[in-house]
Every structure is written in C-alpha cells, then in structure tokens.
Amino acid sequence: MKIGILGAGPMGATLGTIWARAGHDVTFSYSRRPERLERLAREAGARAGTPAEAVDGADAVLLAVHWSRVEDVLARAGDIAGRVVVNCCVPLDAQDRDLMVGTTTSGAEQLAERLPRARLVAAFNTSPSEALFGVFEARVAAAPRPQLLYYGDDAGAKAVARELIEDVGYEPLDAGALRTARFVEPFAMVTAELAYGQPGGPELVYRFERLGR
C-alpha cells in the first residue's frame, strides 16, 4: 500500500518505519524540523514530503499528531475525501492530563464529523510507540500474538487497518463501531499513564495488554 504519515512524532515515526520495512510505500510528513523527516525517510527506506504529498494517492493515511495540532495538519493535507484514515490521536488537553470531550462522544467521532467524506478507522492508541518495534521483531515467532483493538464504521477501512495491524505483528481485534472510542479513549489514557508515569514503562503496558487477552 501507499501510506501517508501525518505526524513525525514517536508513533508516526515508528509505525511509518515498520510499514516501510514491511514493504509498503511510505511518505513521512509534518514536522517542525525538515531534517527529521529526511532522516526518518532515509533510515526507513521511505520518502519525506508535505502533508498534501503524503495524502496524494495514498491507500491509507495515519493521523498521528497531538490533538491540538489536528486541525492544522488536516488543513495542510488538503482534500482527504475517500481516503482511509487510521487515527491514533487521543483528544487530550495541552498537558496530556484530561480528555477534551465528554462521555457522550469521542475524539474519533468528532474527527468523523470533521471529515465526513473520509473513511475513518481508529487503532494503535492503546499501545505505546516504544513497544512496537519489539512486537514487529517478534511477529514470526510470537505465539500467541498480542492483540490490538481497532474500531470504525467503514468495513473497507477496517480491512485496511486489519492488514496494517498484522504487518506490525499484532492480532487485530475488532472492537466494533466508531462509537466504541467513547470507551477506548479513556482506556488509552490509562495505558499512557502506565507507559510514561509508572515504573516499568512501556514494558508494563505490554504485559498489561497481554493480561487483557
């Protein structure tokens, strides 16, 4: 697949690198430091470009920026109609302490309203980026594979997400409709706290996810 990465932070950089290594045509975009994009592309065997270039002709687009930058990156991406958008953003405030939406909606649902002609599916926001390379490297030998949630309302978009999840080394677990995000996004906050606020870090989250099977 041709995959556009909107966001060169830890999650975008890691998933883009993994998908490039898995054989996909990846374009990294959206960084305050152009040299970072060039380095990512060079090391991953991928390309660097603008958000509009990353989206152009893409079979899938990964939205991987802080919630406060979603509007900006989407404006730069331009027309995203018809694209499969894999969202891993959680609607956190500037301090990453609280969700910006209430219990009757979710960030994923708000994105779907913001992008009515895109094909939105959500995944990867319950796994810390630091754990992904380990999962990818163990994907052949691991048995059983760790599961990873994905959810959305578009069956075709979910099929694309399922393939991308498998390429990372996870077993995809269909969590249902996009409204499932109302429950998954608070859970994502818990995993982030485990990963970055407690002793053990990402390894603790990885064990937590395994226990959740």
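These numbers were taken from a predicted model, which means no experiment stands behind them.

(A) Quick look at the pairing of strand β4 (residues 60-63). Covered by surrounding structure in β4 are A60 and L62 together with V61 and L63, the residues of both alternating faces. The pairing of strand β1 (residues 2-6) with β4 spans four bridges and is parallel. Bridging from a neighbouring strand, I5 pairs with L62 of β4. A crossover connection joins β4 to the parallel strand β5 (residues 84-87) through helix α4 (residues 70-77); in handedness this β-α-β unit is right-handed.

(B) Quick peek at the sheet that holds β1. Reading across from one edge, β3-β2-β1-β4-β5-β6-β7-β8 is the order of the eight strands in this open sheet, with mixed pairing throughout. The sheet is open, and its two borders are formed by β3 (47-48) and β8 (171-174), each paired with just one other strand. Note: strand β7 (residues 147-152) against β8, four bridges, orientation parallel. Considered in β8, the bridge of Q147 is made with E171. This element, helix α1 (residues 10-21), spans β1, β2 (25-29) and β4 of the sheet and lies at about 160° to β2. Against the sheet, helix α2 (residues 34-44) contacts β2 and β3, and its axis sits at roughly 160° relative to β2.

(C) Structural detail: the nonpolar core. Among the nonpolar cores identified, the biggest contains 37 residues, and W19, F28 and F124 are the most heavily contacted of them. In this structure, Y30, V73, L111 and L115 belong to the second largest nonpolar core, which totals 26 residues.

(D) Geometry of the packing of aromatic side chains. Across all of its chains, the model carries one aromatic pair by this definition. Arranged with centres 5.8 Å apart and planes meeting at 70°, the rings of W19 and F124 form a pair that is edge-to-face. Here W19 is found in helix α1, whereas its partner F124 is found in the loop between β6 (119-123) and α6 (132-137), with 105 residues between them in sequence. The exposure class assigned to W19 is buried, which follows from its relative accessible area of 0%. A cation sits over an aromatic face here: R139 above F136, 3.9 Å from the ring centre.

About the thresholds
Residues numbered from 1 in each chain as written. Predicted model: local features only at pLDDT ≥ 70, side-chain atom pairs only at ≥ 80, totals over all residues. Heavy atoms only, no water. Buried < 20%, exposed > 50% of the residue type's maximum accessible area, 1.4 Å probe, protein only. Helix = DSSP H or I, 4+ residues; strand = E, 2+ residues; numbered from the N terminus. Pairing = 2+ DSSP bridges. Right-handed = clockwise from strand over helix to strand, strands pointing away. Contact = heavy atoms within 4.5 Å. Axes fitted to C-alpha atoms, helices over the stretch in contact; angles between N-to-C directions. Core = buried A, V, L, I, M, F, W, Y, C linked by side-chain atoms within 4.5 Å. Phe/Tyr/Trp six-rings, centres within 6.5 Å; stacked < 30°, edge-to-face > 60°. Lys NZ or Arg CZ within 6 Å of the ring centre and 35° of its normal.

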